[in-house]
Amino acid sequence: MERALQALSDVDLLREPRTIESAQGPLAIIDAREVVLLCSNDYLGLASDPRLADAIRIGAARWGGGAGASRLISGTMAPHRLAERAAAEHVGAAAALIFSSGYAANVGTVQALVGPRDLVLSDALNHASLIDGCRLSRATVKVFRHGDAAHAAALMAEHRGSYARALVVTDAIFSMDGDHAPLPGLREVCDRWDAGLLVDEAHAIGVTGPHGAGLCAELGVRPDVWIGTLGKALGLAGAFVAGSDAIVSLVYNRARSFVFSTAISPAIAAAVPLALAIAREAEDRRARLREHARRLRQGLSDLGLTIGAGSSAIVPVQLGQPATAARFSARLLEEGVLVQAIRPPTVPPGTSRLRVVPTARHETEHIDRALSAFARVVGRP
Ligand SMILES: *Cc1c(COP(=O)(O)O)cnc(C)c1O
């Protein structure tokens, strides 16, 4: 184990946690020093929202902290059902099911919907949890080029005939690149080949679309399965899968990460309807988030840095080698900004980067302070 750790360290891939000594917010205290925090997924700034903290407190007083068992045993409580109703309504689906995390939702859902006789087409840059779900399902997986619906169509034409069911799985907004999936094109492929479409809206729920309903809603595409997370823009923890009654019942019965896992805390579940209601009305926060992301993209490319192509709140600064990204991140921290280096296996080799993400609670002054810090690091790496 020591040698394995040393090997990771030798190639600049060893990670060590940094303790945040304050609540999530635009600023963070690290080693008793205040820094601008620009690397969470707390897009709407709800992670430390006092209204949600109150809802959790009231939920805990009424329902306690623990669910006691798996949902199939005795863990399904009234707050879980209300949270599921609210989540289904948020995306316009018939039904939803709450998981303990987005990771668990993706792993369990893919494994519940397809098996060894089936085909999955998966975008090359999909989140690790979708990839793990594909592996656990033992379906045949064909990977299409990132964002390339024509390649997905070609793979479907070549392979569809040999399999029973087919499922196309994709992130909506890609977690490390910040660009969008070609959802209308993928929907067409699925319609033509009698396949299901699963869209992981982890970085889109609350952030984009009418009332923050996600990228599918924004583009007018109806997937068969939505995955949404509650721990990012919604400021809580957990995730949901949404779809038809049949799909959700099948996931309830078959998803191993659901069946064999204790339900999320009823105190958290009790806060979900409020988090969704706040997110629905958060047009001002979404506008601020967009403006901050635009300012960061502009300011960072003015410094000569290579910024990814997307237009979301995720602003990737491409640096290439892991050591370069780690060094840049360490220098930024010295200059008062926390931005983590993202390295393999989170991203493909040679594409190590900084992932800069503002929240709606940042002030323009915070963004400008961060841009000055970047300028100092670029000038004196
Ligand atoms: C974060 C993320 C997940 C996992 O969600 P958690 O609730 O953090 O486990 C799933 N999919 C994507 C695309 C993500 O970015």
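Model, not experiment: these values are computed from the prediction.

## Let's talk about the sheet that holds strand 3 (residues 95-99)
Logical step 1: Read across the sheet, seven strands follow the order 3-9-8-7-6-4-5 without closing on themselves; strand pairing throughout is mixed. Sheet topology places strand 3 and strand 5 (140-144) at the edges, where each strand pairs with a single neighbour. Each strand of the sheet is rotated relative to its neighbour by a mean of 20 degrees, with strand direction disregarded.
Logical step 2: The sheet contact formed by strand 3 and strand 9 (residues 239-243) spans five bridges and is antiparallel. Note that in strand 9 the partner of A95 across the bridge is G243.
Logical step 3: Seen against the sheet, helix 8 (residues 183-192) touches strand 5, strand 6 (166-171) and strand 7 (196-200) and runs at an angle of roughly 155 degrees to strand 7.
Logical step 4: Its contacts with the sheet place helix 10 (residues 245-254) against strand 3, strand 8 (225-229) and strand 9, and it is angled at close to 25 degrees to strand 3.

## Things to note about the site of the ligand
Logical step 1: Taken together, the neighbourhood of the ligand is formed by 14 residues, with G102, Y103, D200, H203 and K232 sitting nearest.
Logical step 2: Contact with the protein chains removes 82% of the 380 Å² of surface that the ligand exposes when unbound.
Logical step 3: Per element, the largest residue contribution to the shell around the ligand is three residues, and it comes from helix 5 (residues 102-113).
Logical step 4: Looking at the shell around the ligand residue by residue, the class counts come to two nonpolar, nine polar and three charged.

## A closer look at the environment of R327
Logical step 1: Position of R327 relative to the elements: it lies in helix 14 (residues 322-334).
Logical step 2: Since its relative accessible area comes to 46%, R327 is described here as partly exposed.
Logical step 3: Residues R327 and D12 lie 315 residues apart in sequence; the distance between their C-alpha atoms is 9.7 Å.
Logical step 4: Engagement of the side chain of R327 in a polar contact is seen with the backbone oxygen of P381, the distance being 2.9 Å.

Parameters at a glance
- Residues numbered from 1 in each chain as written.
- Predicted model: local features only at pLDDT ≥ 70, side-chain atom pairs only at ≥ 80, totals over all residues.
- Heavy atoms only, no water.
- Pairing = 2+ DSSP bridges.
- Helix = DSSP H or I, 4+ residues; strand = E, 2+ residues; numbered from the N terminus.
- Axes fitted to C-alpha atoms, helices over the stretch in contact; angles between N-to-C directions.
- Contact = heavy atoms within 4.5 Å.
- Near = heavy atom within 4 Å.
- Areas by Shrake-Rupley, 256 points an atom, 1.4 Å probe, with all protein chains shown as cover.
- Nonpolar A, V, L, I, M, F, W, Y, C, P; charged D, E, K, R; others polar.
- Buried < 20%, exposed > 50% of the residue type's maximum accessible area, 1.4 Å probe, protein only.
- Polar contact = N/O pair within 3.5 Å; in protein donor to acceptor, adjacent residues only side chain to side chain.

In short, the description is geometric, and any link to function would need to be established separately.
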